[in-house]
Amino acid sequence: MATNGNNGGRAVGPRAVALVGPFQSGKTTLLEAILARTGAIARQGSIEAGNTVGDGSKEARHHKMSVELTAATTTFMGDSYAFIDCPGSVEFVHDMRAVLPVVDAAVVVCEMDEKKVPQLQIILRELEDQKIPRILFLNKIDKADAGVHDVLKLLQPASRTKLILRQIPTFAGDLISGFVDLALERAFVYKEHAASQLIPLEGELADREKTARFSMLETLADHDDQLMEQLLEDIQPPRDKIFDDLTHELREGLVCPVLMGTATRTNGVLRLLKALRHESPGIAETAQRLGVKGNGDAVGYVLKTLNTSHGGRLSIVRMLSGQAGDGTTFVTEDDEAGRVAGVFKLVGQNTEKRGPATAGETVAFAKLDKAKTGDTLTAGKQPHAAVAKVAPYAPVLAIAITAKERKDDVKLGLALNKLAEEDPSITIAHNPETHEVVLWGQGEMHLRVATERLADRYGVAIERRQPSVGYRETIRKGVQQRGRHKKQSGGHGQYGDVVLDIKPMPRGSGFTFEDQITGGVVPRNYIPSVEEGVVDALKHGPLGFPVVDLHVALVDGSYHTVDSSDMAFQTAGRIGIHEGLPQCQPVLLEPIDQVEIVCPNEATAKINALLSGRRGQILGFDTREGWEGWDTVRAMMPEAEIGDLIVEIRSATAGAGTFTFKFDHMAELTGRTADQIIAARRAAE
Ligand SMILES: Nc1nc2c(ncn2[C@@H]2O[C@H](COP(=O)(O)OP(=O)(O)OP(=O)(O)O)[C@@H](O)[C@H]2O)c(=O)[nH]1
Ligand SMILES: [Mg+2]
């Protein structure tokens, strides 16, 4: 049996547990309930009152949703626990994904809501893939009705491992009044903000209990032949055996137990805590899963980096082995991380100075100036291999930003770097052509919160715009054009004269220049200058965009022994292009990307319509490999139409769908859309 040793089967040492689950399912409220139940806080706050430990930042309070993780430690029955409350919104999912590898278990908070099942499925897959033991907590059962009896039917499709119902609800009229614990075979009625009260298990309830218990045991017996035999022979298995199986099968990821409750009333919280206490693995198992070599060195993992408003850096770290405290110098896999100056216990934004941290504990270290979210830290010189590398999802939405005031430009650059260090799912790109700073993120709210932080925390007010689309232009026919530059204004004159043969080239060939001068009509040494002038003129074609896919040959020209110069020939080359291109039937080119959308299949028709409505060309759709109930749709889409595509995809899929894209080719664009783009460009100049 995989129960670890000598603590009555319980794991040893401080635990770390992630609270995860679909958007708005009640994770932050559950954290609050846990902290109140375990005495870490005096009174349970609420999201509505804006006084919860979680979501303590201005941005989270303002939006009434989690926009980053909250870590809080507490003690339950003598053991220390760190709970990491993760945002449910897919836009902030990196905060969850980067944490999961190093927690002992996850509590997946969910609801009886069909619409949220795909999101639940996404989260469970992440946990399944990372082999994190998980318990479902069916929250908000104060709002549930008799449909709750079908909870497994509703939720099972979201999980690849068998769900195992650990409790069944009891009713008073239409409302849920309590529950029966199927392992203990005891019935309880809920009390608001107090421990549930034991009641006799009898009558119709006892019958329901028997049936539900049997199906729980059957599921357990899938992985336990002895239990299977006992069930077949109608032998009552000993309670200890059942608990051992529950523990073992949870830790091995063979089953996913389902508990229930109402976070706002602290109902079901004690049962959840007890399940974690007895059944979840601890730091020894987690360190083993991560391949941490316990050779005495302190090893930790950075769950999150925070740059506080007064400039200091806090790294939330779970210690995986050894001990670290004030003065400990850490290295990461490829750099120094810094020297710890302050160890803090965290209860949300509330920090309290404390002593060194040991294996299993989750604390905040101050002043690890180079540590980033996701780093593995080692005390000493020999870095431990990275225990986890969680690559953020590619960004899906961008805005172009500028500091409102010119003088804040440098400050903006620094602040953006800090934002990206805290949250690797943000990326910053500089567009050298348009001089735009483009902020890429995971969705509208993600970018909005990023800009709010720039203002609130770093004091940089910004302006935001749609980023420019990388339009180009090309030509449809060729021309031969003379470019002549002649000036005789006193003193030294200027003279350059060239004849350019301009020809369209196939799509994607870019630009080529050819020297066809014979007989030295343009001296050798001026030819590179002609090319420079041509290249410069091509940056801005007759429609206002860079010109591509053409060949320019220098075929003829003349020079003046005194007045010719590099400058003069550059200018001549430029003039040749400026005068030649308008005669070549210039045409706009727009970038076309290949996009791949994944969505629950009930939304596939909507997605197809959405793509067609945005000038998309659907290439085909298929079932999503390995994802039951999902489709993959592939299409070619103009980059201009991709802009806020993610917003529409999410709204068509209750937040579950997403997409990836990559540049494919440039395509000619004519007609009204092209005219509008060209007119807008002229107006902007
Ligand atoms: N009726 C009822 N409402 C609840 C319960 N738990 C949470 N809520 C409400 O659900 C809403 C969302 O609660 P949160 O705790 O912020 O949910 P969350 O999962 O942390 O949300 P995100 O982090 O933004 O995904 C709030 O209005 C809560 O008051 C519950 O057990 N019953
Ligand atoms: Mg929350």
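Provided above is the structure to which this section pertains.
The structure presented is a predicted model; accordingly, all values stated were derived computationally and were not measured.

Enquirer: Please clarify how the environment of Arg634 should be interpreted in this entry.
Expert: Counting through the fold element by element, Arg634 comes out in strand β33 (residues 630–638). Between the C-alpha atom of Arg634 and that of Ala357, which follows or precedes it by 277 residues, the distance is 50 Å. Excluding its chain neighbours within four sequence positions, the residues that come into contact with Arg634 are Val595, Glu596, Gln617, Ile618, Leu619 and Gly620.

Enquirer: Where do I start with the nonpolar core in this structure?
Expert: In globular proteins that are soluble, nonpolar side chains generally tend to be buried together. Val20, Leu127, Leu136, Leu155 and Tyr301 are the most contacted members of the largest nonpolar core, which has 74 residues in total. Among the elements that line this core, the one with the most residues is helix α6 (residues 203–221), at 6 residues. Core analysis: the next-biggest nonpolar cluster, separate from the first, contains 33 residues, Leu397, Ile426, Leu454 and Leu645 among them.

Enquirer: Explanation requested: the sheet that holds strand β22 (residues 397–403) in the structure shown.
Expert: Hydrogen bonds between backbone atoms are what pair the strands of a sheet, whose relative direction is either parallel or antiparallel. Strands sit in the order β23-β24-β22-β25 across an open sheet of 4 strands; the sheet is antiparallel. Both outer strands of the open sheet, β23 (427–431) and β25 (462–465), are each paired with one neighbouring strand and no more. Sheet twist, expressed as the average angle between the axes of neighbouring strands with direction ignored, equals 35°. Here β22 pairs with strand β24 (residues 436–441) via 5 bridges, running antiparallel. For Ala400, the partnering residue across the bridge sits in β24 and is Val438. Strands in contact with helix α11 (residues 409–422) are β22, β23, β24 and β25; relative to β22, the strand with the most contacts, it is inclined by about 145°.

Enquirer: Please explain the coordination of the magnesium ion (ligand 2) as it appears in this structure.
Expert: Any two of four tetrahedral donors ideally make an angle of 109.5 degrees at the metal, while pairs among six octahedral donors ideally make 90 or 180 degrees. Protein coordination of the magnesium ion (ligand 2) is provided by Thr28 (OG1) and Ser66 (OG), with donor distances spanning 2.0 Å. Highlighted residues: Thr28 in helix α1 (residues 27–37) and Ser66 in the loop between α2 (58–63) and β2 (70–76), separated in sequence by 38 residues. Pair check on accessibility: Thr28 and Ser66 agree, each one buried.

Enquirer: Would you mind showing me how to read the pattern of salt bridges here?
Expert: For side chains bearing opposite charge, pairing can occur when the charged atoms are close. All told, the structure shown has 46 salt bridges when counted by the stated rule. For Glu422, the salt bridge identified is with Arg457, shortest N-O distance 2.8 Å. Taken together, the residues Glu422 in helix α11 and Arg457 in the loop between α12 (444–456) and β25 connect sequence positions 35 residues apart. Here Glu422 falls in the buried class, since its relative accessible area comes to 2%.

Enquirer: When you look at the packing of α11 against α12 in this model, what are you seeing that I'm missing?
Expert: Helix-helix packing: each pair is described by the crossing angle between the helix axes and the interaxial distance. Here α11 crosses α12 at 130°, and the two axes come no closer than 10 Å. Looking at the two axes, α11 sits oblique to α12. The handedness of the crossing between α11 and α12 comes out as right-handed. Together, Leu412, Ala415, Leu416 and Leu419 of α11 and Ala450, Arg453 and Leu454 of α12 make up the contact between the two elements. Within the contact of α11 with α12, the residues separate by chemical class into 6 nonpolar, no polar and 1 charged.

Enquirer: Just to check I follow, could you spell out the side chain of Thr262 for this structure?
Expert: Note that Thr262 resides in the loop between β11 (255–260) and α9 (269–279). Given the relative accessible area of 3%, Thr262 is considered buried. Residue contacts for Thr262: discarding those within four places in its chain leaves Phe137, Asn139, Lys140, Ile141, Asp142 and Asn267.

Enquirer: For this particular structure, what's the right way to read the pairing of strand β29 (residues 511–515)?
Expert: Residues in a regular strand project their side chains so that they alternate between the two faces of the sheet. Pairing of β29 with strand β30 (residues 550–558) involves 5 bridges; the strand directions are parallel. Bridging from a neighbouring strand, Asp515 pairs with Leu554 of β30. Each parallel crossover has a hand, and the one from β29 via helix α13 (residues 527–538) to β30 is left-handed.

Rules used in this analysis
Residues numbered from 1 in each chain as written. Chains lettered and ligands numbered in written order. Predicted model: local features only at pLDDT ≥ 70, side-chain atom pairs only at ≥ 80, totals over all residues. Heavy atoms only, no water. Helix = DSSP H or I, 4+ residues; strand = E, 2+ residues; numbered from the N terminus. Contact = heavy atoms within 4.5 Å. Core = buried A, V, L, I, M, F, W, Y, C linked by side-chain atoms within 4.5 Å. Buried < 20%, exposed > 50% of the residue type's maximum accessible area, 1.4 Å probe, protein only. Pairing = 2+ DSSP bridges. Axes fitted to C-alpha atoms, helices over the stretch in contact; angles between N-to-C directions. Donors = N, O, S within 2.8 Å, 3.2 Å for Na, K, Ca; no water. Salt bridge = Lys/Arg side-chain N within 4 Å of Asp/Glu carboxyl O. Parallel < 35°, antiparallel > 145°, perpendicular 65-115°, else oblique. Left-handed = near helix turned anticlockwise from the far one by under 90°. Nonpolar A, V, L, I, M, F, W, Y, C, P; charged D, E, K, R; others polar. Right-handed = clockwise from strand over helix to strand, strands pointing away.

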